[in-house]
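Next come the chains, spelled out residue by residue.
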Amino acid sequence: MPTFWEFPAILNVRETSFAAKCRARYDPGTMKLAKLLVACLVASSYGYCQKPQGPAAKEVEAVYPDAHALYVDLHQNPELSSHETKTAEKLAGGLRGLGYNVTEHVGGTGIVAILKNGAGPTVMLRTELDALPVEEKTGLAYASKVRSKDDAGHDVSVMHACGHDLHMAAILGTAAVMVHSKDSWHGTLMLVGQPAEETISGAKAMLDDGFMKRFPKPDVAVAMHVGNAMPAGQVGIVSGIYNTNADSLRITIYGKGGHGSAPHTAIDPIVIAARTIVALQTIASRETKPGDMAVVTVGYIQAGTKNNIIPDHAEMGLTIRTNKAEVRKRVLAAVERITKAEAEAAGAPRPPSIDHYEGTDLVYNDPALAQRLRGVLETALGKSNVVMEEPITASEDFSYFVEQGIPGFYFSLGGADPAKYAEAKASGTTLPSNHSPLFAPDVDPALHSGIAAEVAVLRNLLNGSAEDLRKTLAKREPGA
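Residues numbered from 1 in each chain as written. Predicted model: local features only at pLDDT ≥ 70, side-chain atom pairs only at ≥ 80, totals over all residues. Heavy atoms only, no water.

A.B. asks: I'd like a description of the overall build of the chain, backed by residues and values.
C.D. replies: A tally of regular secondary structure across the chain gives 15 helices and 18 strands. Taken over 480 residues, the chain has a buried fraction of 50%. A separation of at least 24 residues holds for 83% of the contacts in the chain among residues at least 6 apart in sequence. Entry remark: accessible area of the chain is about 21,700 Å², with carbon and sulfur atoms responsible for 54%. (Helix = DSSP H or I, 4+ residues; strand = E, 2+ residues; numbered from the N terminus. Buried < 20%, exposed > 50% of the residue type's maximum accessible area, 1.4 Å probe, protein only. Contact = heavy atoms within 4.5 Å. Areas by Shrake-Rupley, 256 points an atom, 1.4 Å probe, with all protein chains shown as cover.)

Here is the structure:
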């Protein structure tokens with residue numbers, strides 16, 4: 001059987017033969033679109049581009065309108081990290097209306113909603129609440145036009161450019177299905193709305209606010225994330241290490257200000273910063289063992305106010321990603337060594353300051369849990385729609401919950417329009433990624449699939465006793 005991505009090639013009618021047989025001219029753009037539409041129609045017959053099927057489909061359809069309405073509302077009204085006041089109120093209100101016992105303002109704007117349904121395991125499902133300082137350029141009818149002040153006081157555009165709005169909509173739909181089908185599961189369902197995931201600070205804030213003492217300790221923690229790396233309708237699973245450690249650094253290099261026409265009277269921090277940026281790239285290429293993973297990215301450099309003034313300092317923002325503790329330690333030490341050495345070599349008046357202001361460990365998926373839930377998702381969505389993936393280089397603070405001794409399962413949800421994904425595959429290009437101003441998941445069927453996937457996972461975990469569930473799960477690997 002051909003795969004979905006082979007259909008465009010199979011349907012690739014040659015222009016010359018087509019024109020000769022039809023004795024007519026045609027527009028290549030129209031032909032291309034037609035082939036893609038036919039490809040998707042044919043692929044649908046093999047199980048692609050479809051909404052969830054089977055007995056659970058009616059359950060999802062029943063809750064979909066409310067979930068979709070919440071999605072559109074949240075997308076139009078995003079809020080920045082740690083400021084998700086109205087967002088949290090909307091989600092909390094929806095869950096409370098379904099009968100959940102909801103606690104608000106956990107770790108700031110976080111919410112915890114609990115539904116008890118007899119004896120059994122406690123299973124946690126988490127969603128994020130926050131959006132990003134990005135100007136939306138999707139052209140959607142419900143595109144965000146919101147502007148807000150960030151923590152530095154800057155006026156910025158705000159957009160749900162990472163799909164957290166879809167995650168919240170899915171969790172509301174899932175919550176509704178679980179309420180209406182209590183005969184299919186037993187135990188305690190805990191739904192968590194976590195703030196400030198984008199600044200990798202919200203999970204820690206909730207834990208610091210007594211999350212583990214104020215609420216039942218989950219036997220398992222689950223989370224989902226949508227993206228354009230897969231077509232809508234599919235989910236991806238990684239066993240073991242899912243993503244990377246993340247460290248955020250703010251480096252200030254000090255110089256001596258002066259007139260731009262007389263650089264010999266100054267010490268230029270911009271030049272020092274430029275040399276430092278180039279030297280930092282050798283950490284991954286020359287100081288990290290081939291095969292080990294390390295990313296050192298300078299995301300911004302800010303310095304100066306005018307073209308003919310040499311400033312007295314320059315600031316750089318770095319993100320560092322690794323997936324081994326020893327590599328992480330070595331890379332951070334190398335950043336400090338190189339930064340200080342470049343400043344000293346230039347005769348800087350003082351050493352640079354290095355502020356390690358954010359950090360989170362990698363997310364680890366319990367292998368036994370991943371294997372168990374793979375079959376569950378294949379049954380719910382179709383075997384061809386469950387893909388085993390490689391670890392990714394992004395990071396996120398779901399790891400803080402896992403580090404409390406809670407086995408975790410974090411899986412990917414396809415969000416790409418199947419036809420556009422096929423076109424990108426065929427042309428060797430990629431669709432807009434998360435954090436792009438053009439990022440917009442194909443809500444239908446992505447939201448349908450997200451709800452169906454979450455319901456299937458929760459029902460499987462919320463069966464049997466808590467003791468039996470714990471026995472089936474592998475112990476976390478040392479140092480992971």
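Next comes the rest of the account.
A.B. asks: Let's hear about the sheet that holds strand β10 (residues 245-254): which residues, and what values?
C.D. replies: Pairing between the strands of a sheet comes from backbone hydrogen bonds, and it takes one of two forms, parallel or antiparallel. The 4 strands are arranged β12-β14-β10-β15 in an open sheet whose pairing can be described as antiparallel. Across the chains shown, the open sheet's two edge strands, defined by having one partner strand only, are β12 (294-303) and β15 (353-360). Between one strand axis and the next, the sheet turns by 15° as a mean value, whatever way the strands run. Where β10 and strand β14 (residues 313-322) come together, 10 bridges link them in antiparallel fashion. Paired with Ala 246 across the bridge in β14 is Arg 321. Packing against the sheet, helix α9 (residues 269-286) makes contact with β10, β12 and β14, and its axis sits at approximately 170° to β12. (Pairing = 2+ DSSP bridges. Axes fitted to C-alpha atoms, helices over the stretch in contact; angles between N-to-C directions.)

A.B. asks: I'd like a rundown of the side chain of His 164, residues and numbers included.
C.D. replies: Within the secondary structure, His 164 is located in helix α6 (residues 164-179). In this structure His 164 touches Thr 127, Glu 128, Asp 130, Glu 197, Glu 198 and His 225, once residues within four positions along its chain are discounted.

A.B. asks: Account for the environment of Asn 77, naming residues and giving values.
C.D. replies: As for its placement among the helices and strands, Asn 77 is situated in the loop between α4 (56-76) and α5 (85-97). For the pair formed by Asn 77 and Val 158, sequence separation is 81 residues and the distance between their alpha carbons is 8.5 Å. Beyond its immediate stretch of four places on either side in the chain, Asn 77 contacts Thr 87, Lys 90 and Val 146. One polar contact links Asn 77 to Asp 73, side chain to side chain, over a distance of 2.8 Å. (Polar contact = N/O pair within 3.5 Å; in protein donor to acceptor, adjacent residues only side chain to side chain.)

A.B. asks: Please give an account of unusual backbone geometry that cites residues and values.
C.D. replies: Leave glycine aside and you will find that most residues have negative phi; peptide bonds, for their part, are mostly trans. Positive phi, normally seen in glycine, also occurs at Ser 82, with a value near 70°. Among the structural elements, Ser 82 can be located in the loop between α4 and α5. Here the phi dihedral of His 435 falls at roughly 80°; this positive angle occurs in a residue that is not glycine. Take His 435: it is sitting in the loop between α13 (418-427) and α14 (443-461). By relative accessible area, which is 41% here, His 435 ends up partly exposed.

A.B. asks: Outline the pairing of strand β6 (residues 187-194), listing residues and values.
C.D. replies: Within β6, 8 of the 8 residues are buried, leaving the element largely enclosed by the surrounding structure. Judged from the 7 bridges that link them, strand β2 (residues 110-117) and β6 form a sheet pairing that is antiparallel. When the sheet's bridge partners are listed, Val 112 is paired in β6 with Val 192. Of the strand pairs in this sheet, strand β3 (residues 122-128) and β6 are connected by 7 bridges, and their pairing is parallel. In the sheet register, Arg 126 faces β6, and the bridge partner there is Val 192.

A.B. asks: Any details on the side chain of Asn 117? Residues and values, ideally.
C.D. replies: Tracing the sequence through the fold places Asn 117 in strand β2. On the basis of relative accessibility, which here comes to 16%, the residue Asn 117 falls in the buried class. A distance of 2.7 Å separates the side chain of Asn 117 from the backbone oxygen of Trp 185, its partner in a polar contact. For Asn 117, the contacting residues outside a window of four places in its chain are Lys 182, Trp 185, His 186 and Gly 187.

A.B. asks: Tell me about the packing of helix α11 (residues 367-381) against α14, and please be specific about residues and values.
C.D. replies: Between α11 and α14, the least distance of the axes is 9 Å, while the angle of their chain directions is 130°. By the criterion of interaxial angle, the relationship of α11 to α14 is oblique. Judged by the sense of rotation from one axis to the other, the crossing of α11 with α14 is right-handed. Between α11 and α14, the contacting residues are Leu 369, Arg 372, Leu 373, Val 376, Leu 377, Ala 380 and Leu 381 on the first element and Ser 449, Ala 452, Ala 453, Ala 456, Val 457, Asn 460 and Leu 461 on the second. Taken together, the residues of the contact of α11 with α14 sort by class into 11 nonpolar, 2 polar and 1 charged. (Parallel < 35°, antiparallel > 145°, perpendicular 65-115°, else oblique. Left-handed = near helix turned anticlockwise from the far one by under 90°. Nonpolar A, V, L, I, M, F, W, Y, C, P; charged D, E, K, R; others polar.)

A.B. asks: Quick one: what's the story with the packing of aromatic side chains, residue by residue and with numbers?
C.D. replies: All told, the structure shown has 7 aromatic pairs when counted by the stated rule. Between Phe 211 and Phe 215 the ring centres are 5.8 Å apart and the planes differ by 50°, which places this aromatic pair in the tilted class. Sitting over the ring of Tyr 254, Arg 350 keeps its end group 3.8 Å from the ring centre. (Phe/Tyr/Trp six-rings, centres within 6.5 Å; stacked < 30°, edge-to-face > 60°. Lys NZ or Arg CZ within 6 Å of the ring centre and 35° of its normal.)

A.B. asks: So what's going on with the confidence of the model for the chain? Residues and values would help.
C.D. replies: Mean pLDDT over the chain: 90, with 87% of residues reaching 70 or higher. In the model, residues 1-36 has pLDDT below 50 throughout and makes 36 contacts with residues more than four positions away in sequence or in other chains. Contacts of residues 38-49 to residues separated by more than four positions or lying in other chains number 25 contacts, the stretch itself having pLDDT below 50. (pLDDT = per-residue confidence, 0-100.)

A.B. asks: Run through the nonpolar core, naming residues and quoting values.
C.D. replies: Among the nonpolar cores identified, the biggest contains 68 residues, and Leu 95, Tyr 100, Leu 191, Phe 409, Leu 447, Ile 451 and Leu 461 are the most heavily contacted of them. With residues near it in sequence (within four places) discarded, Leu 191 still touches Leu 95, Tyr 100, Ile 111, Val 112, Ala 113, Leu 125, Ile 171 and Ala 175. (Core = buried A, V, L, I, M, F, W, Y, C linked by side-chain atoms within 4.5 Å.)

A.B. asks: Let's hear about the sheet that holds β6: which residues, and what values?
C.D. replies: A sheet is described by the order of its strands in space; here 8 strands give the open sequence β1-β2-β6-β3-β7-β18-β8-β17, paired in mixed fashion. The strands lining the two open edges of the sheet, one partner per strand, are β1 (101-106) and β17 (386-388). Neighbouring strand axes in the sheet, compared pairwise and without regard to direction, differ in orientation by 25° on average. Alignment of strand β8 (residues 235-237) against strand β18 (residues 408-416), held across 2 bridges, turns out to be antiparallel. Residue pairing for β18: Gly 236 is matched across the bridge by Ser 412.

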